[in-house]
Structure formats: structure tokens, C-alpha cells
Amino acid sequence: MKKILLLFVLVSSVAFSQSINNYEYVIVPLKFADFKEPNKYNLNTNTKLLLQKYGFKAYMASDSIPNEISNASCRKLYADIVKENTLLNTKIKVVLKDCKDKVVYETALGESNEKERSRSYNEALREAGKSFDKLNYKYNGKNEIAIDQGQQKTKAIPQQLGENVSQIEVVKVDSESKNNSENFFFAQPIPNGFQIVNSEPKVILKMFNTSVKNIFIATKEAKSGVVLSKNNQWFFEYYENSKLVSEPLNLKF
């Protein structure tokens, strides 16, 4: 029985390593799902540093992400910290998921008996991180194929469409992000796109990937439209009373 169990563990480990080596980038959110505050106990920042230590190109969701992968959600993994509820100690693990919310890799539970919460969580994170020592992660370049395919899909919009757009009346509106250059909205990765949150944080808009770079299908309350980049400025555009409304957004990815 023990031999069968050991064989299962070894096979699972190999399967994980083969899958995770297909990914070069990991996005760390500003706030983990099991915590109420952004970067609680500095865990988000330390998770990014931990992943970089083991060879991943890890970015916070608010960092400036390279253009070639900023909109290619399925070329990235998404990090999370999952905690196990206990009364006497702290137990957490690092989970890496793909764009379909499927777990690609997770560490063993890291444990700490420290009483001070910040110290306890970060000690548990270091313990969980030791799983990466056995992972022997090394990016194998397989997702480069996805880049080429994505670039082939990103073709110019037909000229006829461009001519039609030029005839549409566009209503430009101000937004709170435009009035204050320091008031940014943050893009947090979700399966197939991003959710846009303000500083509270509160989700104000969701945008979903298309086959065209820097153009997203978007929903905001009862409004549906697109989010797109023009002249290094992001806009949420939608129709209201038969008029095209263009609302600027200060986004940080």
C-alpha cells in the first residue's frame, strides 16, 4: 500500500512539473480571496518575491506588465494564498491557477505557531515555499506558440468598419479617474479577462478578452460595451440613447 501511495505522489509531482513548465509568467493579485485587505501582512508582495526567487516572471496586478503578455490571459498563471482555518496555528499554501481557474500547481501547507499574526503568516509562507525546491521549475518555451497565434489574430479592423465609425457621433464624458491623475483603477485578473476595482476596493467594471489586442468586451452595472486603448489612454465605450459614449479610464494592470 505504501509503495502504491509513493508511486502516486511521484507521478503527481511529475505531472505538475510538466504542466507548470509551460508557463513563464505569474500574476499576483492586490488582494487574496481569503483576506479582507489588499496585501494583508505583506503576503502579496512576499508571494511575488517568492515566485521570482524560483524563476518565475512574477508581477503584481498593479505592475507594468510587458505588452506581449498583458492581454494574453492564458499565457499566465494566477497566484492565490489559501488558508486553512485553525485555532492554534497558521496554515497556508500557495496555489497557481490557469486562465480557466484550473489548479496547475499548489504547494504543501506551510505551518507556523507564532502568535504575532504578521510573523506567523510570513513564516507559514516561507514553509509553503519550500515545495518549490522540489519542483525544479524551468520554463520550456511552449507558450511561445500561443504568442505567434495571438499576433496572427491581431489584425487591423477592416477599412469599411473604420469608415462607419468615423460617421458615428461620439459623446465624450469625464470620469473621476480623469479628474485626478493619482486616482487609478486597478485591473485584477479573472478567468478570460479582468475585473476593475477602485481604491475601496469595489468592483466597478468587468472586461473580457477578445482576439484583438487592447480591445475587451466590458460590462459596467447595466451598461455593456467595450474597453479599448487609444493614444495610450483607456476608454470604456458604450451606446446610450443611440449615441456612442466614450468614458476615459485610468487603468493599472
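Scroll up to find the structure.
The model shown is predicted, which means the values in this text are computed figures rather than measured ones.

Asker: Would you explain the overall build of the chain in this entry?
Answerer: The secondary structure content of the chain amounts to 8 helices and 15 strands. Per-residue burial over the chain gives 40% buried out of 253 residues. Surface exposure of the chain reaches about 15,200 Å², of which carbon and sulfur atoms provide 50%.

Asker: Help me understand the packing of aromatic side chains, please; the structure alone is not making it clear to me.
Answerer: Note on aromatic pairs: each is described by the distance of the centres and the angle between the planes. What the rule picks out here adds up to 10 aromatic pairs. On the numbers, 6.3 Å between centres and 25° between planes, the contact of Y25 with Y59 is stacked. On the criterion of sequence distance, the pair formed by Y25 in strand β1 (residues 25-28) and Y59 in strand β2 (residues 57-60) is long-range, its members being 34 residues apart. Y59 matches Y25 in its accessibility class, with the two residues each being buried. Pairing F216 with W234 gives two aromatic rings, centres 6.0 Å apart and planes at 50°, and the pair type is tilted. Highlighted residues: F216 in strand β11 (residues 215-220) and W234 in strand β13 (residues 233-240), separated in sequence by 18 residues. Residue F216 shares its accessibility class with W234, and that shared class is buried. In this structure, K40 packs its charged tip against the face of Y41, placed 5.0 Å from the ring centre.

Asker: Teacher, can you tell me more about the pattern of salt bridges here?
Answerer: Pairing of side chains with opposite charge becomes possible as their charged atoms draw close. Within the structure shown, the criterion is met by 9 salt bridges. The partner of K91 in a salt bridge is E84, with the nearest N and O atoms 3.9 Å apart. Residue E84 is classed as partly exposed on the basis of its relative accessible area of 38%. The salt bridge partner of K93 is E106, with a shortest N-O separation of 3.3 Å. Remark: E106 occurs in strand β5 (residues 103-106) and K93 occurs in strand β4 (residues 90-97); sequence separation between them is 13 residues.

Asker: Teacher, can you tell me more about helix α2 (residues 43-53) here?
Answerer: An α-helical turn contains 3.6 residues, so a residue and the one three or four places further along point in the same direction. Restricting attention to buried positions, one finds in α2 the residues L43, N44, T47, K48, L50 and L51. The arc that holds every buried residue of α2, seen down its axis, measures 160°, which confines them to one face. Buried positions along α2 lie against β1, β2, β3 (76-84), β4, α4 (117-129) and α5 (131-135). Just beyond α2, the residue with positive phi is G55, at close to 100°.

Asker: Is there a simple way to explain the pairing of strand β14 (residues 243-249) in this structure?
Answerer: In terms of burial, β14 is a largely internal element, 6 of the 7 residues being buried. Note: β13 against β14, 7 bridges, orientation antiparallel. Across the sheet, the residue bridging to E240 is K243, located in β14. Once β13 ends, the chain turns through 2 residues before running back antiparallel as β14, passing N241 with a positive phi of about 55°.

Asker: Just checking my understanding: could you explain the side chain of N21 for this structure?
Answerer: Here N21 is to be found in the loop between α1 (2-20) and β1. Only 3.1 Å separates the side chain of N21 from the backbone nitrogen of K138, close enough to count as a polar contact. Residues contacting N21, with those up to four places away along its chain left out, are N136, Y137, K138, Y139 and N140.

Asker: Explain the nonpolar core to me, please; I cannot follow it from the model alone.
Answerer: The tendency in soluble globular proteins is for nonpolar side chains to be buried as a group. Judged by nonpolar contacts, the single largest core of 53 residues is most densely connected at I20, L51, L96, F132, M207, V227 and L251. If near-sequence neighbours (up to four positions away) are discounted, L51 is found in contact with V26, V28, F56, A58, A79, L96 and F132.

Asker: Help me out: how do you make sense of α4 in this one?
Answerer: When the terminal C-alpha atoms of α4 are compared, their 18 Å separation across 13 residues agrees well with the 18 Å that a helix rising 1.5 Å per residue should span. All of the buried residues along α4 are S120, Y121, N122, A124, L125, A128 and G129. Taking the backbone nitrogen of S118 as reference, a side-chain oxygen 3.3 Å away marks E116 as the first, capping residue of α4.

Asker: Help me understand unusual backbone geometry in this model?
Answerer: Unlike most non-glycine residues, N42 shows phi in positive territory, near 65°. With respect to the helices, strands and loops of the structure, N42 is situated in the loop between β1 and α2. Owing to a relative accessible area of 35%, N42 belongs among the partly exposed residues under this scheme. With phi around 65°, D101 is a residue other than glycine that occupies positive phi space. With respect to the element layout, D101 can be found in the loop between β4 and β5.

Rules used in this analysis
Residues numbered from 1 in each chain as written. Predicted model: local features only at pLDDT ≥ 70, side-chain atom pairs only at ≥ 80, totals over all residues. Heavy atoms only, no water. Helix = DSSP H or I, 4+ residues; strand = E, 2+ residues; numbered from the N terminus. Buried < 20%, exposed > 50% of the residue type's maximum accessible area, 1.4 Å probe, protein only. Areas by Shrake-Rupley, 256 points an atom, 1.4 Å probe, with all protein chains shown as cover. Phe/Tyr/Trp six-rings, centres within 6.5 Å; stacked < 30°, edge-to-face > 60°. Lys NZ or Arg CZ within 6 Å of the ring centre and 35° of its normal. Salt bridge = Lys/Arg side-chain N within 4 Å of Asp/Glu carboxyl O. Arc of directions from axis to C-beta. Contact = heavy atoms within 4.5 Å. Pairing = 2+ DSSP bridges. Polar contact = N/O pair within 3.5 Å; in protein donor to acceptor, adjacent residues only side chain to side chain. Core = buried A, V, L, I, M, F, W, Y, C linked by side-chain atoms within 4.5 Å. Expected span 1.5 Å × (residues − 1).

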